[in-house]
Amino acid sequence: MEFALPPEIVEIQARARALVDEHLIPHELALSRSHKLPAKTRARLEKLAAAAGLSLLNVPREYGGQERGLLARIAVAAEFGRTTALPTRGPTILGPEVSPILYHLTGELREQVLLPVIRGEKRTAFAQTEPGAGSDPARMTTTAVRGVDHYVVNGGKIFIGFADESDFIQLLAVTDPVKGARGGISAFIVPIDTPGVRIVRQIETMMRDRPFEIAFEDVHVPLANRIGTEGQGFGFGQAWLTEGRLKHAARGIGVIERCLELAATRAAGRSTFGAPLAERQSIQWMLVDMYLHLNQLKLMTYTTAAAHDRGEDVRYDSYMCKYFGDESSFAAADACMQIFGGLGLTTDTPIETFWRDQRSMIITEGATEVLKLTLARDILKRYARES
Ligand SMILES: Cc1cc2nc3c(=O)[nH]c(=O)nc-3n(C[C@H](O)[C@H](O)[C@H](O)COP(=O)(O)OP(=O)(O)OC[C@H]3O[C@@H](n4cnc5c(N)ncnc54)[C@H](O)[C@@H]3O)c2cc1C
C-alpha cells in the first residue's frame, strides 16, 4: 500500500535514504550521546547533504533554494526520522532553517536578517511560549507597548530553542490586550544582544534539547523591527505550526519504519523457550500494529501535504496527522523496546532515544489533548444532525 509520490519526489527521497543509511545510522549511537553535533561533523554532513541535492529545500529559487513543496520536504523528513543521529529538535543538516515568518521581512531587515539566515551566517530563535501560556498561547502576557519610534517589551519566554546560538529572536508579544489573539499579538525581530534581553537559564530535558528561559526587561525595539502589520503576529506563528505538525507526522513515519526493521529482525533472531519470538502471536500482533500504523500514517500525511501544495486548507488534517503520528510512533518505539527486552533499555541500540524523543513530541507544538479538542469541535460541526 503506497501513496504514489511523483517520480521526482521518489528520486529525492531515495537520495535522502542513501545518506541516512550510509552516513547517519552507522554513527548514530555515538552521535546521539550529545545534544549538539560536533562542529566538524556537522560541516561534513552538511556538505554530503548539499552534494546529494538535499539542501535549502524550502527556500525560494530567487534566494538560491530549491523551492520544493511540502510533499517533497515531508518525504525527505520521513527518511531522517529513521535515525537518532541528529539532535532531537536541532537544526537539520539540510542547510539553514529559514522560518516562513522571515519572508515577511522587508527593507533593511530583509538585508540584515533574511538574507544572512539563508546564507547560513545568522540564526534565529522563535519565542512564543511563556511560563503561563504554552498550549494556549493566546494567554501570553509579554507586552510590546508602542512609543513614538519604538516599542518597549516586558515579559518572559520559556522553552526557547537555540537562543544561545541565535543572533535574533522572532518574538511574539501583546500589542493590544483587548484584541488578544484576534489582532492583538504582533511579531518582532529582536537582536539577542539588545539591552534588557537576558538569558535566565538553560533547561535540561530528558531528550537532547536544551531550550532557554529568556527575560525581556524594558527592551527597546524599533518600530521598523515589527514583522508585518500590528496584530498579525499570532497568525504568522499558527501558520508555521501547521507545517510543523506535518513534520511531526513525517518524523513518525521514519521512526515507525526503523522500529519495525529493528523489532522484526530481533524477533526473527531471538529464541526463548525453544522458539523464535517471531513465532509468538503476541509479538506478531505488535509487528502487525506497527505495520498498520506505518501505512495509515503515510497515507494520511502524504495526502495532507499534497493537498497543502494544491493550496487547500489542511489545518484540521494537520492536527490529525500530528496526533496520530506522534502517538503511533511512540507506541512503535515502546513495542520495539518490549521486544528487545533488557537490551531495549540500554544505550546499545537507538530504541531508548526514539522512545524519549517520541514521548516528548506528544507534548510540544500542540499536545494530543489540545489537538483532539480542536478536532472534536470541527467533527461536531460537520457531523452533528438536528434531532
Ligand atoms: C524541548 C522543547 C522545545 C521547545 N521549543 C520551543 C520554542 O523554540 N519556542 C517556543 O515558543 N516554544 C517552545 N516549546 C514550548 C512547547 O511548544 C510547549 O511546551 C507546549 O506548547 C506545551 O505547553 P506547556 O508546556 O505550557 O503545557 P501546558 O499548556 O501547561 O499543558 C500541559 C498539559 O495539559 C494538557 N492540556 C492543555 N490544555 C488542555 C485542554 N484544553 N484540554 C485537555 N488537556 C489539556 C495537555 O496534556 C498538556 O500536555 C518547547 C518545549 C520543549 C519541551
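Residues numbered from 1 in each chain as written. Predicted model: local features only at pLDDT ≥ 70, side-chain atom pairs only at ≥ 80, totals over all residues. Heavy atoms only, no water.

1. Focus on helix 3 (residues 39–51)
- In a regular helix each residue adds 1.5 Å, so 13 residues correspond to 18 Å; helix 3 covers 18 Å between its end C-alpha atoms and thus fits that length.
- The complete set of buried residues in helix 3 reads Thr 41, Arg 42, Leu 45 and Ala 49. On an axial view of helix 3, the arc spanned by its buried residues comes to 95 degrees, and they lie on one face. Seen from the buried face of helix 3, the exposed residues on the opposite side, beyond 90 degrees, are Ala 39, Lys 40, Lys 47 and Ala 51.
- Elements in contact with the buried residues of helix 3: helix 1 (7–24) and helix 2 (28–31).
- Gly 53 sits one or two residues past helix 3 and shows a positive phi near 70 degrees. (Helix = DSSP H or I, 4+ residues; strand = E, 2+ residues; numbered from the N terminus. Expected span 1.5 Å × (residues − 1). Buried < 20%, exposed > 50% of the residue type's maximum accessible area, 1.4 Å probe, protein only. Arc of directions from axis to C-beta. Contact = heavy atoms within 4.5 Å.)

2. Thoughts on the domain arrangement of the chain
- Assigned domains of the chain: these are domain 1 (7–97), domain 2 (103–231) and domain 3 (235–383).
- The straight-line distance from the C-alpha centre of domain 1 to that of domain 2 is 27 Å.
- Counting residues at the interface gives 19 residues for domain 1 and 17 residues for domain 2.
- Between domain 1 and domain 2, a total of about 1300 Å² is buried, with carbon and sulfur atoms accounting for 54% of that surface.
- A per-residue breakdown of the area domain 1 buries against domain 2 is headed by His 35, Tyr 63 and Arg 89, which together make up 40% of the total. (Domains from an automatic or database assignment. Buried area = accessible area lost by both parts, 1.4 Å probe.)

3. Regarding the packing of aromatic side chains
- If you walk through the whole model with that rule in mind, you get 6 aromatic pairs.
- Here the aromatic rings of Phe 3 and Tyr 302 are separated by 5.9 Å at their centres, their planes lie at 50 degrees, and the arrangement is tilted. Note that Phe 3 is positioned in the segment before helix 1 and Tyr 302 in helix 7 (residues 281–309), a separation of 299 residues in sequence.
- Residue class for Tyr 302 comes out buried when judged on its relative accessible area of 3%.
- The interplanar angle of 65 degrees and the centroid separation of 5.9 Å between the aromatic rings of Tyr 316 and Tyr 319 together place this pair among those described as edge-to-face. Here Tyr 319 and Tyr 316 lie together in helix 8 (residues 315–340), a separation of 3 residues that amounts to about one turn. (Phe/Tyr/Trp six-rings, centres within 6.5 Å; stacked < 30°, edge-to-face > 60°.)

4. A short note on unusual backbone geometry
- Here Leu 56, not a glycine, exhibits a phi torsion of approximately 50 degrees, which is positive.
- Considering the arrangement of structural elements, one finds Leu 56 in the loop between helix 3 and helix 4 (70–80).
- Positive phi values are uncommon outside glycine, yet Phe 159 reaches one of about 65 degrees.
- The topology assignment puts Phe 159 in strand 3 (residues 150–160).

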